Structure formats: C-alpha cells, structure tokens
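Commentary on secondary and tertiary structure
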Amino acid sequence: MKFEIMRERLLDGLNDVMKAVSSKTTIPILTGIKLEVTEQGLHLTGSDSDITIQTFIKAEENGEQVIRVIEEGTIVVQARMFNEIVRKLPTSDVEIEVNEQYQTHIRSGKSEFHLIGLDASEYPLLPEIQDDRQFVIPADLLKSIVRETVFAVSTSESRPVLTGVHWEVKNGELVCVATDSHRLARRKTTLEQLPEGEYSVVIPGKSLNELSKIIGDSSEPVHIVMTQQQVLFKTSDVLFYSRLLEGNYPDTSRLIPNEYKTTVTVNGKALLQAIDRASLLAREERNNIVRFSSLEGNVVEISSSSPEVGKVEEEIQATSIEGEELKISFSAKYMMDALKAVDGQDVMVQFTGAMRPFILKSVHDDAILQLILPVRTY
Amino acid sequence: MDANQNDVRQLQPVVMKQLQTVFQKNRVAHAYLFEGAKGTGKVAVMRSFVKLLLCEQPIENVSCETCRGCRRFESGNHPNFIQIEPDGQDIKKDQMLQLIYEMNKTGLEAGRKIYVLHRADRLNASAANTLLKFLEEPEGLITAILLTEKPHAILPTIRSRSQIISFPAIPYEERVKVLIGEGLTASMAATVSMLTNDLEDSLQLAKDEQFAQVRKTVLKLVEAVESNVHEAMLTVHEEWLPLLKEKEETEQALDLLLFAYRDLVSVKANSDSAYAYPDFLPFYQQRALHITYEHLSNKIEAILKAKQQLHRNMNRTLLMEQLTLNLQEGFSFV
C-alpha cells in the first residue's frame, strides 16, 4: 500500500476519527486506527467498541487531487502516535507506504518515520448496510432530538436498558423515549422518507452524546440505518456507528395519563427561572424539592423551604389555569431539565392530582412531551 | 498455555468430547462452570472451546485455526470475547457491573458473545450476587465460562445456575511415571506429584534447591517428633524457622508434613495407596506399630489447625511451637 495525501485533509479526517479511539480499551487492536486506501480515496476508522467513527477522504475533490494512490491496501497503526506524527510533520504533503511486514513509512519533506503497524484483518468488521432500510433527518433536527431526550436516561446501571434512548419507527413517525423511571422524555418526529417495516432499537445515551458533538448544526441530511447489531448515522463524509442495548424497552405508552384534572399554561422561561431560584434553598434538602401551588386569579406560587436555611416564595402570573386547585411537590432538577427541553414561549403543564405523574408540553404541538413523577410530602 | 488441539484432547478426552457434542448438537448452554484441580487443563480446554464457538468454519467440530475468528481469538483481538481476572484479592462488584453493562450491548460483530471468569471462587459475595441474575438470564446470545480450582467456594446459587463440567485429575501414577521419565528420582517424583497436579510445576519444584531442603527438614521434624522427643523443638528452631521465611513456604511445608502423616496412616492400614515419601517407608513401618489411629487422627487435625491459623497470620514461631507440642502430646504428658 502506498499513497500521498495533503496533510491538512488527513488531519481533518483524523480529528473526527480520534474522537472514537479510547486508551482504555480491552481489545488491543482498537488502540489503532484503520487506514484503507482504494482508487476512490482513503477510509479512516476508529473505534472504542461502543462507537465507531469512519471518515472518507475522496481522492479528488472539486477537480483538485487530494490523494495520489499508488498502491491500494489496508493497515492499522497506533492512533495516538500516528495523530501526533501527522500533526507535527514539516510539509503539507504526506507519503505513506506499507511493506509486507506491516512496516509503515511516513514521509514528509526530509523527515521519515517508521511505525510498526498491525494486521488490518484483525480489525472488527463493520456491519453491512442495506440501503433500503434507511431514513433521513436533517442534522440540526437530529441534534435537537438528542438534546431533548438524552438527559432523561438513567445513570444507574442496575437496569442497563434504561441507560439508552428507545428509537421506534412506526406509522411514519420516529418516536424517541428516554426514562430513568422517575421522569420521561418523549420526542415525536414525522419522517419524510419512510423505511420499509417497523424498527425499534435502544441506543446508549453516551453514544448519542458523542454523536451530537460530531454532527454539525447545518441542515445537511443525516441518513440513519438500523441493523441488528448497530445503528449507523451517515453524513456526507462521516459514518458514526453505535452499538445497541440488548433487551426489551419497557412499554412507556401506558404511563402517560389520558385525562387531566388541572391544566396550567404558563411562560416557560419565567417558570424555569422561578424554579431555579427556589431550588437555591431546596438544594440543601436531600431531594431538591420545590412546591407548586395554584392560587386564585391565574397565579402560580413556587415555594421551597428547608428548616435550617430558610424559605422562598414566588408568584408567577400564568396565562390560564383550568380545573381543580392543586398543590404538588417535585424535584427542581427534573423540572428544569424538562423545561429546557420544551421549546416555545408558553408551556402547558397538565396534572392529574398531587400523587400522579404530570406532563409538560408546548402549547403549539405534541412533538415534545416531558413526564415527571411528583414527590410525596407531608 | 496454548496447547494445540491434539494436546488438549489427550489431556481431557472426556471433557473435550462432551463439549464438542454440545457444539455439534447446537445446544451450547448459557453458563458453564469448569471445575478441576490445578493443572487439569481448564484454561487450555476453555481456549479451545471458545475458539470453536468463535470459529467461522469449524471442521468436524474442531476450530479451523485459519479463519478471521480463530486468528483474532489467538491474538486477543476478538471483540466478542471478554476475560475477567481477580482485581487484587477478589473479583469485585465493579468488575461485574462493568461486565454486565458491556454484555448488555449488542456485540460489535454479529454472533455469540463469550465471557470468562478466571478463578471464579474469588468472586466476593456482592459481586457474585450482582452476577446471578445476569448469569441466569442473559440478553442475547451469551455464554459464560467460570473457571475454578475450588468448586466448593462458589456460591451454591451460582453453581445451580451453570452447567458443571468436572475436570478429572490426571492420575497420580501417570504423573509419577512421566516425572521419572524426565529424570527425577522415584521418591522426589512421588512427593512433588502429591503436591501439585501440574507436570510443569512438579518439575520446577523438584529442581528447586530450597524445596529439597524443605522436604528434608520436614522429614527430620517427623522423625524427631516421633522418636527423639527432645530434639523436636530444636529442629523447629534451628532448621524449620530459619529456612521458611515466607507464609507461602510455611504453608507448603505444612502440606508436606501432612503428607507424611497421611503416609503413616496408609502404612498402618496396610493400604496400597501411593506414598508421598517412599524412601521413608522403613521408618513408617516401624512407627506404625507404636501408634494408634486415634493419635494419628489427632496429629493430622493439629496440622490442619495450624494451616488455618497460618492464614490468620498467627505468629509463626508460636505456631510451630504449638504444633510441635501438639504432635508430641502422646509422649510429653503421659
């Protein structure tokens, strides 16, 4: 294998791939990155076994030759070392040559490195992708879907399947649900291009966090392919694979109440700030609890107290309050997370009594739904 | 460690046949417990079995050695295979949580995922309980292999959830024969084969000068205790204690001492069982006439008790003095 490449382009590619490489892996080959050169260009692959990132550098772009391929081939080289070397090379062109014993020569100007490579056939195989099983979401929308759901995943590993977000494609909709069994976040998205059949996968929350760091804020389309083993997010030059969580995700549809006794419509930002202030005192207490009570004349009172520190009360003007009078307590942190996820000015909060879960959503649509379990107080 | 396929089959023909049949009938269980003494080839059999499970084109229930699966298993790069060793003293709960978390994700590649717990008897209680539920009902195609030398130290709840595969020890006579073939004296071969089942270890021990010295001292102590009552304490102080500085060495010496009394019981019972010190036979025969079974059993108990106390870090000088007095009991106080 032998090729020449522009250093800048190689560095760009390496930057993305390095995000997946971890030094803590138990599988020795994963400390390396895989380079695969064909006539079309250069594939770089890095993985920590949970996520795998592959980038593709085209041999020719806009009539400009980026890579001059002399001989095709594949090799795995130590990721950290290779990255550092390429970063510090003197000229803007890099020549990489691999001989039979996986000896890798990296030349640039007058400097030459010899690296001992590894056999590329030892590198894990990525799943084969069937093109008919994919759907498309714009990058910015994907990012907001992740942002609005992933915070609600469980951090405890006692029920591993809850550390992921459940993605379900059904009836032309993508429904993403995350819950840690105290709160739940659900995001519905209508898809334009429908894949055949129904899919249901659980994607680890950590992988989704990594994903949102990698995809940009543009409206560039992201192709999503779900396979048995992995899920693939594909943009024009980066492929992001993640492993899935095994096991059945609990049926969450029945958790969401159908009828409500009290409905409060209120400015989301004002409520968020009031709860943030109230939580200053609540923080002293174990559960970070704030109280929410509806008063006469469309006013909502947020209060919190802890015996040793003091107490706080604040009234907010709501747009409307319908139904029964209500006093309820809940975790300020959960409420703030939920409010941040619901976009739009006005937020509708619907209650079914002080001991039952309540939901938050935007007044305009049903796309985002947040459910929180209240805390029992005396 | 990497015995090739033929060696493994010679070492444990019954076990290998059993595992190959399981594979052939496609009835691989979710958890296996490999139990057997040291040197019975548990690791070699485990490696060969796992390789068979990961092999892409097994030929007649033997892994092909040439496919990607086999090669990556050999180089430790197979993504669907995880091994866990005790972290310090125990296998800890964190290790189990991490394993379960890892196993709950779909494999990097399709196919069976396998995890191996080395020295599973070292699972501490909370780790074992953490593993229980997952061991019984893994999500997806997962096989666990637990290796242990001490099957009785495994929680019964774990035993009952795994298929137990016992590794019979390689017969004692076989091992002695091999060792004599390697150039050891018959008496040394008999002693080291009693101490360990592993041929490699036996050879190493037999060539160790310290070990020869320990063996001699132990025999001297037995002789002193049994016939020259006054010398026993002197032997302990002048030879035994200066020679054995480490806890492990003392433990080994106590084992050797135990074998000596076991021999004595065998001689008295006229049994044909193997002797750890065949060179000492004349002494035994003479001694056996003077001692009752009850005395012998008391002495053996005293040694076993000393072994326990050694683990509790008892002062070793006191430990040996107490043991010597206990061994002499019959004489000093009658």
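So, here's what we can say about the structure.

Thresholds applied
Residues numbered from 1 in each chain as written. Chains lettered and ligands numbered in written order. Predicted model: local features only at pLDDT ≥ 70, side-chain atom pairs only at ≥ 80, totals over all residues. Heavy atoms only, no water. Core = buried A, V, L, I, M, F, W, Y, C linked by side-chain atoms within 4.5 Å. Buried < 20%, exposed > 50% of the residue type's maximum accessible area, 1.4 Å probe, protein only. Helix = DSSP H or I, 4+ residues; strand = E, 2+ residues; numbered from the N terminus. Contact = heavy atoms within 4.5 Å. Pairing = 2+ DSSP bridges. Axes fitted to C-alpha atoms, helices over the stretch in contact; angles between N-to-C directions. Buried area = accessible area lost by both parts, 1.4 Å probe. Salt bridge = Lys/Arg side-chain N within 4 Å of Asp/Glu carboxyl O. Polar contact = N/O pair within 3.5 Å; in protein donor to acceptor, adjacent residues only side chain to side chain.

Examining the nonpolar core
Residues and elements named next belong to chain B. Membership of the largest hydrophobic core comes to 53 residues, with the highest contact counts inside it found for Val218, Trp240, Leu257, Tyr277 and Leu323. Top contributing element to this core by residue count: helix H13 (residues 247-268), with ten residues. Setting aside residues up to four positions removed in sequence, Leu323 forms contacts with Leu254, Leu257, Ala302, Ile303 and Ala306.

Topic: the pairing of strand E22 (residues 299-306) of chain A
Residue and element names in this part refer to chain A. Of all the eight residues making up E22, seven are buried; the element is thus mostly covered by neighbouring parts of the structure. By the bridge criterion, five bridges tie strand E21 (residues 289-295) to E22 in an arrangement that is antiparallel. Paired with Leu295 across the strands is Val299, a residue of E22. Where E21 folds back onto E22 in an antiparallel hairpin, the turn is made up of three residues, including Gly297, whose phi is positive at roughly 70°. Examined bridge by bridge, E22 and strand E23 (residues 310-317) share eight bridges and lie antiparallel to one another. The partner of Ile302 across the bridge, within E23, is Glu314. If you look at the hairpin formed by E22 and E23, you'll find three residues sitting between the two strands.

So, the sheet that holds strand E26 (residues 346-351) of chain A
Residue and element names in this part refer to chain A. Pairing is antiparallel in the open sheet, where nine strands are placed in the order E16-E13-E14-E15-E28-E27-E26-E20-E24. The sheet is open, and its two edges are formed by strand E16 (199-204) and strand E24 (320-323), each paired on a single side. On average, adjacent strands in this sheet sit at an angle of 15° to one another, irrespective of strand direction. Where strand E20 (residues 262-267) and E26 come together, six bridges link them in antiparallel fashion. Across the sheet, the residue bridging to Asn267 is Asp346, located in E26.

Describing the sheet that holds strand E3 (residues 113-117) of chain B
Residues and elements named next belong to chain B. Within the open sheet, the five strands sit side by side as E2-E3-E4-E1-E5. Their pairing is parallel. Each edge of the open sheet carries a strand with a single partner, namely strand E2 (81-84) and strand E5 (163-167). Shown here is a sheet whose adjacent strand axes are inclined to one another by a mean of 15°, direction ignored. Relative to E3, E2 runs parallel, the two being bridged by four bridges. Across the sheet, residue Phe81 finds its bridge partner in E3, namely Ile114.

Topic: the interface of chain B and chain A
Taken together, the contact pairs 24 residues of chain B with 25 residues of chain A. Regarding the contact of chain B and chain A, the summed buried area is about 2,300 Å², with carbon and sulfur atoms giving 48% of it. Among the residues of chain B in contact with chain A, Tyr101, Thr106 and Leu108 of chain B are the three that bury the most area, contributing 33% of the side total. Put simply, chain B and chain A have four salt bridges between them. Note that Lys113 of chain B is salt-bridged to Glu246 of chain A, the shortest N-O span being 3.1 Å. The interface formed by chain B and chain A includes 16 residue pairs in polar contact (both at pLDDT 80 or more).

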